[in-house]
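Listed below are the residues making up each chain.
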Amino acid sequence: MNRSIHINLYYSAKMLTPMTTSSDQDSAQDTPLSIALAREEYCARLMYRMSDENDSRDDDDEGDLGDGVITQTDVKPKRPQLYKVLMLNDDYTPMEFVVHVLQRFFRMTVEEATQVMLHVHQKGVGVCGIFPFDVAETKVNQVMDLAKKHQHPLQCTLEKE
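Residues numbered from 1 in each chain as written. Predicted model: local features only at pLDDT ≥ 70, side-chain atom pairs only at ≥ 80, totals over all residues. Heavy atoms only, no water.

Caption draft 1: Up close: the side chain of Asp90. Relative to the helices and strands, Asp90 is located in the loop between strand 3 (82-88) and helix 2 (95-106). Buried within the structure, Asp90 lacks any salt-bridge partner; its nearest side chain of opposite charge belongs to Lys148, at an N-O separation of 15 Å. A polar contact of 2.9 Å, which involves the side chain of Asp90, links it to the backbone nitrogen of Tyr92. A polar atom in the side chain of Asp90 sits 2.6 Å from the backbone nitrogen of Thr93. Ignoring any residue separated from it by four or fewer positions in sequence, one finds Asp90 in contact with Pro153 and Leu154. (Helix = DSSP H or I, 4+ residues; strand = E, 2+ residues; numbered from the N terminus. Buried < 20%, exposed > 50% of the residue type's maximum accessible area, 1.4 Å probe, protein only. Lys, Arg positive; Asp, Glu negative; His and termini not counted. Salt bridge = Lys/Arg side-chain N within 4 Å of Asp/Glu carboxyl O. Polar contact = N/O pair within 3.5 Å; in protein donor to acceptor, adjacent residues only side chain to side chain. Contact = heavy atoms within 4.5 Å.)

So this is what it looks like as structure tokens:
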């Protein structure tokens, strides 16, 4: 036996309430889409009714925002604070190791890594990349761990951009 649910809207002077009835008849109104549309209509009428009830009350609370209408505000996410990952020069870490680190952790080509390595060697410090805090911190830790593993005194830090 195929039982279908019909949503009827019952409007009384005091409130708007849904009533469900079941029947054994198949009809075009029994589709999930028609039931969903009936529910939407019910909600819209209920919201309108709530708004009417609030308007008919005493107008003592003119500035009150609670009129029964739900609004959604658009929240724009903030861009994360960016941090520079800096590599510091030392006289003991081989240049080839620095190039390898830049290629491995900062996805640089051989030419880019060589340029950064030479900049660090000549100026004492160089920027390896600019990232959100979590990513920058992870990259600094990866560089420091690899340098420690290979017994090199290579130092890497981060600072706000």
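Caption draft 2: Broad picture of the environment of Thr109. On the secondary structure map, Thr109 appears in the loop between helix 2 and helix 3 (110-123). Taking relative accessible area as the criterion, Thr109 reaches 39% and is therefore assigned partly exposed. Residues Thr109 and Val99, 10 residues apart in the sequence, show an inter-C-alpha distance of 9.2 Å.

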